[in-house]
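The primary structure of each chain is shown beneath.
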Amino acid sequence: MKIRPVLFSFAAISAALFTGCGGDGDTKKIVIDGSSTVGPVSQAMAELYADVEKNVAVEVGISGTGGGFVKFIAKETQISDASRPVKEKEEASIKEAGFDFIEVPVCFDGLTVVINKENTFATSMTVAELKKIWEKGSAVTKWSDVREGWPAEDMTFFSPGSVSGTFDYFTEAICGESGNSRQEKTTFSEDDNVLVRGVESNKFSIGYFGFAYYVENKDRLTAVAVDGGSGPVVPTMETITNGTYSPLSRPIFIYVSTEAAKREEVAKFVEYYLDNAPSVAKEVGYVPFSDSTYALIKKRFADRVTGSVFRGAPAGTPIDQILTGSGTN
Amino acid sequence: MSLKSRKMVGIGATGVFMFATILAVLILVILIFEIVSSGYKDLDWKFITSPPSVLSAEKAGIWPALMGSIWLMALTAVISIPVGIGAAIYLEELTVKNKLTRIIEVNISNLAGVPSIVYGILGLGIFVRQFHMGRSVLAGALTMSLLILPVIIVSAREALKAVPDSIRQAAYGLGATKIQTIWHHVLPAAVPGIVTGIILALSRAVGETAPIAMIGALSYIHDAPKGVMSSFTALPLQIYNWISYPQKEFHEIAGAAILVLLILLLTMNSIAITIRQRFERNRQW
């Protein structure tokens, strides 16, 4: 009979758990999910917004740009974080699900090519040389294969994993096609800190990842100046904002469901997001647009302009040009 | 082989085994030392009770994640314990051994070896999408229950099996029915073993990241869950999230969060030990 007290406490716990099991009461929920690159910006916004609007709970998940869109299409989220423009297929599925989206760029991320601190020769490279290194079936195994005169030392390669938007964007901007990447002797990791450590500990290695990770590890790595045709440019806040660091600076986005944008709290949150994007972007390691660009984006959202203008825009196109070019439909 | 050389072999073997033991313990000690030394300085009451932050590691805390983990664990326990023990009693005490029960047995043992991410996919498909539970604590707990049920059933069966048959015979001899025998004699005698299995299974559930990441528990949420339908995040996910940030300060507070998770697990294990000892003291065989 000694089992009875155990049973009794068990029943009490169950009852306590399930009573008043409803939901969150009056709090209105906004759910965001998607890219791990955009995630920190959205999380910061959610965090700040918690102090502004007490009865709106903003929740942020991270399941990758593609994974985010899957949930967006299933109407499980109202806003989708994306480190690349929406794909045609995804757009078709969204329309099929009976709603539309507003494309809202939030700031720049500068992809940074990095080399070991002790590497003093390869501090500047052209896009053609980067392509030679990173494209599918690349014959490059030694630095001397990249440029004559560089040492004949074996290289090691560190790349973000293939489901990340960073990988998509880099391969498209450098190798001409999203997903076109070398596989041999390359370490792929979804964890950018693994890439940082890899390049840091291998003298003749090369890798790439988001600007935020470079900023945090400036003293341990060297950023390669990239020559996109008009001379080598080192990634900095300035060169990314003014567009001279090209083609490796990319805008990152949130996609807002048109259905959800009708809800007052969602619209207000997106407006708050855009108002605070410049300061928050800097704080989490990204690069804000110029004020005039934010004005254009705010107007687009205010007018609820649907559709994607960024998909298909060549990497490195000035952002204002994309926004004003075919900006309406 | 002479006596001397045989003795030498014995001494050598003892040395090897002792080395293996010391190595295992040493690794554990180093691990705990690492965690404690990197985590203790960030661990204070504010860290426990604050919501997470991306803007400043100093302000960041683990309240929603800690409460999420506790909710997840409690709900998983409530769901999986009755089902698990019920299944074990049925298979061990009530049914006759035939082909069907053999098939069920083999399946349960196999399920215990299925990778946890597979349960995550199952949970996402069935609970989150099919039953429209969303990313709630309930969906998470049901998924975790699936994950740990095989472990609970197998260990509960072993515990029931270990109860001597003479106890059952004595109860029958005094006129007890089958259910009375199980309820008043077999089950109390098996409690220590059952509880050990449950706690080990629950500890596993608390430490698991893959299934809850799969069903889409959140990485940022400001409040602790308020009910079974609230969305949630859990400690392992919060730790994973912080480790992947670029800033080193977040890697350090991840250490503090690991320490909290460790304390949570050790607390659970000590509860298990206490319960086991209480029941064992009362055992009369």
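Residues numbered from 1 in each chain as written. Chains lettered and ligands numbered in written order. Predicted model: local features only at pLDDT ≥ 70, side-chain atom pairs only at ≥ 80, totals over all residues. Heavy atoms only, no water.

**What about the overall build of chain A?**
Formally: We count a stretch as a helix when DSSP gives it H or I for four or more residues in a row; a strand needs E for two or more, and each element gets its number in order from the N terminus. Using a 1.4 Å probe on the protein chains alone, a residue whose accessible area is under 20% of its type maximum counts as buried, one over 50% counts as exposed, and one in between counts as partly exposed. Here, two residues are considered to be in contact whenever any of their heavy atoms come within 4.5 Å of each other. In short, Shrake-Rupley with a 1.4 Å probe defines the accessible areas, and a residue's cover is counted only from the protein chains shown. Think of it this way: Lys and Arg go in the positive column, Asp and Glu in the negative one, and His and the chain ends go nowhere. A charge is said to be at NZ when it belongs to Lys, at CZ for Arg, at CG for Asp and at CD for Glu.
Assigned secondary structure in chain A consists of 14 helices and twelve strands. Along the three orthogonal principal directions, the C-alpha set of chain A runs to about 80 × 65 × 35 Å. Per-residue burial for chain A yields a buried fraction of 53% across its 329 residues. Within chain A, residue pairs in contact and separated by at least 24 positions form 74% of the contacts whose partners lie at least 6 positions apart. When the accessible surface of chain A is summed, it comes to about 13600 Å², and 53% of that surface belongs to carbon and sulfur atoms. Across chain A, the mean location of the 33 positive side-chain charges is 3 Å away from that of the 44 negative side-chain charges.

**So, the environment of K268(A)**
All names here are of chain A. By secondary structure assignment, the location of K268 is in helix α12 (residues 264-283). Residue classification places K268 among the partly exposed positions, given a relative accessible area of 39%. For K268 and E53, which are 215 residues apart along the polypeptide, the C-alpha to C-alpha distance reads 9.9 Å. The residues contacting K268, other than those within four sequence positions of it, are Y49 and E53.

**Description of the packing of aromatic side chains**
All names here are of chain A. Put simply, the rule reads: Only Phe, Tyr and Trp rings are paired, with Trp represented by its six-membered ring, and only when their centres lie within 6.5 Å; those with planes under 30 degrees apart are stacked, over 60 edge-to-face, the remainder tilted. Here, a charge over a ring is recorded when the distance from Lys NZ or Arg CZ to the ring centre is within 6 Å and its angle to the ring normal is within 35 degrees.
The full count for this structure, using the stated rule, is 25 aromatic pairs over all chains. On the numbers, 6.4 Å between centres and 70° between planes, the contact of F167 with F188 is edge-to-face. Placement of the pair is F167 in helix α7 (residues 165-175) and F188 in strand β7 (residues 186-189), with a sequence separation of 21 residues. Clustering of aromatic rings is evident, with ring pairs tying together F69, F72, F99, F101, F253, Y255 and F310. The ring centre of F157 lies 3.6 Å from the NZ or CZ of R182, which sits over that ring. Above the ring of F301, the side-chain terminus of R304 is found at 4.5 Å from the ring centroid.

**Some words on the domain arrangement of chain B**
Residues and elements named next belong to chain B. As a reminder of what qualifies: Delimitation of the domains relies on an automatic or database domain assignment. Here the quantity called buried area is the total loss of accessible area, with a 1.4 Å probe, experienced by two parts when brought into contact, counted for both. The term salt bridge refers to a pairing of a side-chain nitrogen on Lys or Arg with a carboxyl oxygen on Asp or Glu at a separation within 4 Å. Distance and chemistry together define a polar contact, namely a pair of N or O atoms within 3.5 Å, with one atom able to donate a hydrogen and the other to accept it when in protein, and with adjacent residues in sequence counting only for side-chain atoms on both sides. Classes in brief: Ala, Val, Leu, Ile, Met, Phe, Trp, Tyr, Cys and Pro nonpolar; Asp, Glu, Lys and Arg charged; the others, Gly included, polar.
Domain boundaries in chain B define domain 1 (3-42) and domain 2 (46-282). Averaged C-alpha coordinates put domain 1 and domain 2 at centres separated by 30 Å. For the domain 1 face of the interface with domain 2, the top three residues by lost area are I35, G39 and D42, together amounting to 68%. Applying the counting criterion to the domain 1 and domain 2 interface returns zero salt bridges. The interface formed by domain 1 and domain 2 includes zero residue pairs in polar contact (both at pLDDT 80 or more). The residue makeup of the side of domain 1 that touches domain 2, split by class, is four nonpolar, two polar and one charged.

**Re the interface of chain A and chain B**
Of the residues lining the interface, 44 residues belong to chain A; the matching set on chain B comes to 40 residues. Between chain A and chain B, roughly 3600 Å² of surface is buried when both sides are summed, and carbon and sulfur atoms account for 58% of that area. Across the contact surface, chain A and chain B share two salt bridges. Here R129(B) makes a salt bridge to E76(A), at a shortest N to O gap of 2.6 Å. Where chain A packs against chain B, one counts twelve residue pairs in polar contact (both at pLDDT 80 or more). For the side of chain A that touches chain B, the secondary-structure elements that each account for two or more residues are α1 (3-18), β1 (28-34), α2 (39-52), β2 (56-60), α3 (64-73) and α9 (211-216) of chain A. Ranked by the residues each element gives to the side of chain A that touches chain B, the list is headed by α1(A), at nine residues. Per-class residue counts for the side of chain A that touches chain B are 22 nonpolar, nine polar and 13 charged.

**Focus on the sheet that holds strand β11 (residues 232-233) of chain A**
What links the strands of a sheet is backbone hydrogen bonding, and the strands pair in either a parallel or an antiparallel sense. Residue and element names in this part refer to chain A. Cut-off, in case you're wondering: Any two strands with at least two DSSP-identified bridges between them are counted as paired.
Spatial strand order, β5-β10-β11: three strands in an open sheet with mixed pairing. Of all strands in the sheet, those bounded by a partner on one side alone are β5 (124-126) and β11. Where strand β10 (residues 225-227) lies against β11, two bridges are found, and the strand directions are antiparallel. Across the sheet, residue V226 finds its bridge partner in β11, namely V233.

**Overview of unusual backbone geometry**
Residue and element names in this part refer to chain A. With an omega of 10°, the peptide bond between S246 and P247 qualifies as cis. Along the chain, P247 turns up in the loop between α10 (237-241) and β12 (249-257). Even without being a glycine, K185 presents a positive backbone phi close to 55°. Counting through the fold element by element, K185 comes out in the loop between α7 and β7. Judged by relative accessible area, which is 42%, K185 ranks as partly exposed.

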